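Next come the chains, spelled out residue by residue.
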Amino acid sequence: HPGERLRNDSVVHGLRLGQWQGVQRSEYTRGELREERIERLEQIDGWVWDAIDDLWESGFNELEQFVSINGHSLVPQSFVTKAGFKLGQWTTVQRATFKKRPIDPMRVKRLESLPSWSWDLSEARWFEKFNLFVEYGHKNYSYNEIPDLMIGDFNPAKWASRQRLRKSELSQKQINALSILKDWTWSPRFDRFETNFKVLQRWSASNGKSNVPSKTK
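Quick look at the structure, then. (Residues numbered from 1 in each chain as written. Predicted model: local features only at pLDDT ≥ 70, side-chain atom pairs only at ≥ 80, totals over all residues. Heavy atoms only, no water.)

On to the overall build of the protein, then. Within the protein, the secondary structure is distributed over 9 helices and 0 strands. For the protein, the succession of helices and strands along the chain, N to C, is α-α-α-α-α-α-α-α-α. Counting only residues that meet the buried cut, the protein has 32% of its 217 residues in that class. For the protein, the proportion of contacts with a sequence separation of at least 24, taken over those separated by at least 6, is 44%. Accessible area of the protein: about 15,500 Å², with a carbon and sulfur share of 53%. (Helix = DSSP H or I, 4+ residues; strand = E, 2+ residues; numbered from the N terminus. Buried < 20%, exposed > 50% of the residue type's maximum accessible area, 1.4 Å probe, protein only. Contact = heavy atoms within 4.5 Å. Areas by Shrake-Rupley, 256 points an atom, 1.4 Å probe, with all protein chains shown as cover.)

Below, the structure written as structure tokens:
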């Protein structure tokens with residue numbers, strides 16, 4: 001199949017081709033592979049000498065395709081592509097490796113350039129909810145005045161309330177993500193008072209009194 005990679009245990013036409021391929025790479029690394037064989041192998045479309053780098057690139061390409069379809073890089077842990085690639089598992093491995101030891105700075109940069117990518121899985125899950133909240137707010141033209149309702153298993157009003165209550169526990173990245181939303185406020189009651197107070201001030205200045213009739217528009 002186009003784009004399919006041979007695994008170490010791959011057997012093709014009865015030949016252990018995956019194992020043989022690994023032997024050629026090992027001999028190349030030790031400087032034991034003849035130049036003529038090197039040239040012939042390099043003429044094969046898609047051939048690489050570093051299988052680990054090749055696998056990483058394959059995973060990243062799958063992740064880019066996921067982003068192009070879904071608009072974010074928050075892959076469910078159990079997600080498998082149509083081609084059978086365990087993309088959710090691959091992203092989990094990237095995060096686990098990042099925590100254990102330094103990894104290629106270019107890989108870090110490429111992953112961090114993707115929408116919603118986070119090295120912290122709990123933060124990644126937070127952004128999953130955040131994306132649902134943004135989607136709801138965009139459709140309803142407000143991230144502030146939200147009715148108490150359920151969208152599937154998600155309640156945007158209660159979620160927003162929890163973020164305000166635990167602001168001190170949020171990362172700066174999370175705070176910034178919420179703060180830039182149109183009409184989002186961390187203190188809706190205070191802001192509502194200030195808005196109404198300013199309107200009252202203007203009305204009083206125009207009408208010479210502060211007792212607004214109940215039917216005033």
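Turning our eyes to something else, we now look at the nonpolar core. One finds Trp126, Phe130, Phe133, Trp159, Leu178, Leu181 and Trp184 to be the most contacted residues of the largest nonpolar core, which totals 20 residues. Apart from the residues within four sequence positions on either side, leucine 178 is in contact with Trp126, Phe130, Phe133, Trp159, Gln163, Leu170, Trp184 and Trp186. Counting 14 residues, the second-largest nonpolar core is a separate cluster that includes Trp56, Val67, Ile103 and Trp119. (Core = buried A, V, L, I, M, F, W, Y, C linked by side-chain atoms within 4.5 Å.)

Another aspect to go through is the packing of aromatic side chains. Applying the stated criterion across every chain, the model contains 14 aromatic pairs. Relative to tryptophan 186, the ring of tryptophan 184 lies with its centre 5.3 Å away and its plane at 85 degrees, an arrangement referred to as edge-to-face. Considered together, tryptophan 184 and tryptophan 186 belong to a single accessibility category, that of buried residues. Among the aromatic residues, ring-to-ring pairing joins Trp126, Phe127, Phe130, Phe133, Tyr143, Phe154, Trp159, Trp184 and Trp186 into one connected group. Over the face of the ring belonging to tryptophan 117 we find arginine 95, whose NZ or CZ atom lies 4.4 Å from the ring centre. Its guanidinium or amino end placed over the ring of tryptophan 184, arginine 164 lies 4.1 Å from that ring's centre, counting from NZ or CZ. (Phe/Tyr/Trp six-rings, centres within 6.5 Å; stacked < 30°, edge-to-face > 60°. Lys NZ or Arg CZ within 6 Å of the ring centre and 35° of its normal.)

We now examine helix H6 (residues 121–140). Relative to the 28 Å expected for 20 residues at 1.5 Å per residue, H6 spans 29 Å between its end C-alpha atoms, a close match to the ideal helical length. By the burial criterion, the buried members of H6 are Glu123, Ala124, Trp126, Phe127, Phe130, Phe133, Tyr136 and Gly137. For H6, the secondary structure elements touched by its buried residues are helix H4 (87–100), helix H7 (156–165) and helix H8 (172–179). Just past H6, the residue tyrosine 141 takes up positive phi, approximately 60 degrees. (Expected span 1.5 Å × (residues − 1).)

To continue, consider the packing of H6 against H8. Taken N-terminus to C-terminus, the directions of H6 and H8 make an angle of 5 degrees; their axes are 11 Å apart at the nearest point. Here H6 lies roughly parallel to H8, going by the angle between them. Residues Glu123, Trp126, Phe127, Phe130 and Phe133 of H6 touch H8, and the partners they reach there are Lys173, Gln174, Ala177 and Leu178. Classifying every residue of the contact of H6 with H8 gives 6 nonpolar, 1 polar and 2 charged. (Axes fitted to C-alpha atoms, helices over the stretch in contact; angles between N-to-C directions. Parallel < 35°, antiparallel > 145°, perpendicular 65-115°, else oblique. Nonpolar A, V, L, I, M, F, W, Y, C, P; charged D, E, K, R; others polar.)

Further remarks concern the side chain of arginine 164. Mapped onto the elements of the fold, arginine 164 is located in helix H7. Aspartate 183 provides the closest opposite charge to the buried, unpaired arginine 164, separated from it by 7.4 Å. Polar side-chain contacts of arginine 164 include one of 2.7 Å to the backbone oxygen of threonine 185. (Lys, Arg positive; Asp, Glu negative; His and termini not counted. Salt bridge = Lys/Arg side-chain N within 4 Å of Asp/Glu carboxyl O. Polar contact = N/O pair within 3.5 Å; in protein donor to acceptor, adjacent residues only side chain to side chain.)

Here the focus is the environment of phenylalanine 79. The residue phenylalanine 79 is located in the loop between helix H3 (51–70) and H4 in this model. Its relative accessible area of 29% is what places phenylalanine 79 among the partly exposed residues. For the pair phenylalanine 79 and glutamine 89, spaced 10 residues apart in sequence, the C-alpha separation works out to 7.6 Å.

Attention shifts here to the pattern of salt bridges. One pass over the full model with this rule turns up 5 salt bridges. Between arginine 40 and glutamate 36 there is a salt bridge; the shortest N-O distance is 2.9 Å. With arginine 40 and glutamate 36 both in helix H2 (residues 35–42) and 4 residues apart, the pair spans about one turn of that helix. With a relative accessible area of 54%, arginine 40 lands in the exposed category. With its nearest N and O atoms 3.5 Å apart, the salt bridge here joins lysine 139 to glutamate 135. Of the two residues, lysine 139 and glutamate 135 both sit in helix H6, 4 residues apart, roughly one turn of that helix.

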